[in-house]
Amino acid sequence: MAIFLKIIEWKSDNSEKLVHKVQIDGRDINSGSKIVVRPSQKAVFVHKGQIADVFDEGTYSLKTEILPILSKLAGIAYGFKTPITVDLYFVNMNLLTDMKWGTATPVILRDPEFGMVRVTGYGAFAFRVGDCEVFLRELFGTKSSFETADIVGYLKKIVLSGLNDCLGQSGLSVLDLAANTLELQQEITKVVKEKFVALGLVLCDFLIENLSVPAEVQKAIDERTKYGIVGDKTDVMMKVAAAQAMQDAAKNPGSGASFVGAGMGLGLGAEFGKAMSDAMKPAQNKEGKFCPACGASVPAKAKFCTECGSSLGGGVCPKCGAKVDGKAKFCPECGGKL
């Protein structure tokens, strides 16, 4: 006595399983058998590798009138009494969330501030099967089952490819990545979604949780923050560094000269040389002149020194106090008119 299958269904307790295959032999069922398609499932009949009828959620009796394509392909004229073999695939149409992605290798970004910078990141995305026929044809093939793990690695590569393209074309500085995360997510979603559709899938969500730069770049950013520098003001940073280096050299006598001489800080050498040059110049008295006898600063119109009483006659520059020839018209030191 033949045993007929009355109810054909997929009771799945595995949310990661995308496809379940049931092989139906025409000798094992009859026209009174039923197929039950549960919520968030689709059922697809395949005969000899060709997709036939597709059923949404519901309960169906296996009659030739509800299987028009299969009936035509298999030549079913009287129910399932003929010994044909049909493959029935149940497809999970649920949303699959929290698919983690991360950059296995850094993304090279041409930064307008720091030059070539390596950027790493991680996040998550969510997807589901959109077109089960395309999905079965492009990815599934003839396997007896198909789980998320079988495809998520490939999907991650698609996501990272979209991330690389969008970051490279954004022209953003690493300083602006955090402020433009939402815009980047939207652009990456547009690029990746098209590639998912070609596989019969729908990218439902894409999230960037973090984008970071190497430690040396982060240190440079921290230095800018420390000195309150927003734009390109490296001269200020050089002066601060030079001042700090001079303080350190003062604590260790003899080390400052070797530091400059070794060429370990051209900026320090330049600043140090300028400071020494300024120190060697004679001091200028913009408000008066100097006494040639005691060097005291006196008013410009004074004829005698207010300190020693000496005459303020010729032979001395009234601006810088340098000795000059009595016939000179301009000071050889400061260029002032005599």
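Residues numbered from 1 in each chain as written. Predicted model: local features only at pLDDT ≥ 70, side-chain atom pairs only at ≥ 80, totals over all residues. Heavy atoms only, no water.

**Description of the nonpolar core**
Item 1. Membership of the largest hydrophobic core comes to 44 residues, with the highest contact counts inside it found for F125, L155, F196 and L201.
Item 2. Residue contributions to this core peak at seven residues, all from helix 3 (residues 152–170).
Item 3. Those residues in contact with F196, other than ones at most four positions away along the chain, are F125, F127, L155, I158, V159, L201, V202 and L203.
Item 4. Formed by 14 residues, the second largest nonpolar core is a distinct cluster that contains I24, I35, F45 and V86. (Core = buried A, V, L, I, M, F, W, Y, C linked by side-chain atoms within 4.5 Å. Buried < 20%, exposed > 50% of the residue type's maximum accessible area, 1.4 Å probe, protein only. Helix = DSSP H or I, 4+ residues; strand = E, 2+ residues; numbered from the N terminus. Contact = heavy atoms within 4.5 Å.)

**Looking at the side chain of K17**
Item 1. On the secondary structure map, K17 appears in strand 2 (residues 17–25).
Item 2. Lacking a salt bridge, the buried K17 has E147 as its closest oppositely charged neighbour, with an N-O distance of 5.7 Å.
Item 3. Of note is the side chain of K17, whose polar atom sits 3.3 Å from the side chain of H20. (Lys, Arg positive; Asp, Glu negative; His and termini not counted. Salt bridge = Lys/Arg side-chain N within 4 Å of Asp/Glu carboxyl O. Polar contact = N/O pair within 3.5 Å; in protein donor to acceptor, adjacent residues only side chain to side chain.)

**Remarks on the pattern of salt bridges**
Item 1. In total, this model carries six salt bridges according to the counting rule given.
Item 2. Of the charged contacts, one joins R38 and E9 as a salt bridge, the two residues approaching to 2.9 Å between their closest N and O atoms. Of the two residues, R38 sits in the loop between strand 3 (34–37) and strand 4 (41–47) while E9 sits in strand 1 (residues 7–9), which places them 29 residues apart along the sequence.
Item 3. Judged by its relative accessible area of 31%, R38 falls in the partly exposed class.
Item 4. On the basis of relative accessibility, which here comes to 26%, the residue E9 falls in the partly exposed class.
Item 5. The partner of D56 in a salt bridge is K42, with the nearest N and O atoms 3.4 Å apart. Of this pair, D56 sits in the loop between strand 5 (50–55) and strand 6 (58–61) while K42 sits in strand 4; the two residues are 14 residues apart in sequence, bridging distant segments of the chain.
Item 6. Its relative accessible area of 45% is what places D56 among the partly exposed residues.
Item 7. Here the residues in one salt-bridge network are E9, K11 and R38, joined through shared partners.

**Some words on the confidence of the model for the protein**
Item 1. Averaged over the protein, the pLDDT score is 74; the fraction of residues at 70 or greater is 63%.
Item 2. Per-residue pLDDT stays below 50 along residues 256–266; that stretch engages in six contacts with residues further than four places along the chain or on separate chains.
Item 3. In the predicted structure, residues 278–284 sits below a pLDDT of 50 and forms eight contacts with residues beyond four places in sequence or in another chain. (pLDDT = per-residue confidence, 0-100.)

**What about the sheet that holds strand 1?**
Item 1. With mixed pairing, three strands are arranged side by side in an open sheet as 1-3-6. Taken across any chain shown, the strands that pair with only one partner, and hence form the sheet edges, are strand 1 and strand 6. Averaged over all neighbouring strand pairs, the angle between strand axes comes to 20 degrees, with direction disregarded.
Item 2. Pairing of strand 1 with strand 3, which is carried by three bridges, proceeds in the parallel orientation. Its bridge partner lying in strand 3, E9 is registered against V36. (Pairing = 2+ DSSP bridges. Axes fitted to C-alpha atoms, helices over the stretch in contact; angles between N-to-C directions.)

**Re the pairing of strand 4**
Item 1. Counting buried positions along strand 4 yields six of seven residues, so the element is predominantly enclosed.
Item 2. Taken together, the four bridges between strand 4 and strand 5 define a ladder with antiparallel strand orientation. The residue bridging V46 from the neighbouring strand is I51, located in strand 5.
Item 3. In sequence, strand 4 turns back onto strand 5 through a hairpin of two residues, with K48 there showing a positive phi of about 55 degrees.

**Let's talk about the side chain of S173**
Item 1. Its place among the elements puts S173 in the loop between helix 3 and helix 4 (181–197).
Item 2. Here S173 is in contact with D111, P112 and E113, once residues within four sequence places are set aside.

**What to know about helix 3**
Item 1. For helix 3, with 19 residues, the first-to-last C-alpha span of 27 Å sits near the 27 Å given by 1.5 Å per residue.
Item 2. Looking only at helix 3, the buried set comprises V152, L155, I158, V159, G162, L163, C166 and L167. Seen along its axis, helix 3 keeps its buried residues to an arc of 160 degrees; they face one direction. In helix 3, the exposed positions angled more than 90 degrees off the buried face are occupied by K157, G168 and Q169.
Item 3. Summarising the contacts, the buried residues of helix 3 are in contact with strand 8 (96–102), strand 9 (107–111), strand 10 (115–129), helix 4 and strand 12 (201–212).
Item 4. Positive backbone phi, approximately 70 degrees, marks G171, located one or two places after helix 3. (Expected span 1.5 Å × (residues − 1). Arc of directions from axis to C-beta.)

**Focus: the packing of helix 3 against helix 4**
Item 1. Between helix 3 and helix 4, whose axes approach to 9 Å, the crossing angle comes to 135 degrees. As far as their axial angle goes, helix 4 and helix 3 are oblique. For the pair helix 3 and helix 4, the crossing hand works out as right-handed. On helix 4, the residues that touch L155, I158, V159, S161, G162, L163, C166, L167 and S170 of helix 3 are L184, E187, I188, V191, V192, K195 and F196.
Item 2. Grouping the amino acids of the contact of helix 3 with helix 4 by side-chain chemistry returns eleven nonpolar, three polar and two charged. (Parallel < 35°, antiparallel > 145°, perpendicular 65-115°, else oblique. Left-handed = near helix turned anticlockwise from the far one by under 90°. Nonpolar A, V, L, I, M, F, W, Y, C, P; charged D, E, K, R; others polar.)

**Re the packing of aromatic side chains**
Item 1. Using the criterion set out here, one finds six aromatic pairs in the structure.
Item 2. Residues W101 and F206 carry aromatic rings whose centres are separated by 5.6 Å and whose planes lie at 15 degrees to one another, so their mutual orientation is stacked. Here W101, found in strand 8, pairs with F206, found in strand 12; they are 105 residues apart in sequence, far enough to count as distant. Comparing W101 with F206, the two get one shared label, buried.
Item 3. Through a chain of ring-to-ring contacts, the aromatic side chains of F45, F55 and Y60 assemble into a single cluster. (Phe/Tyr/Trp six-rings, centres within 6.5 Å; stacked < 30°, edge-to-face > 60°.)

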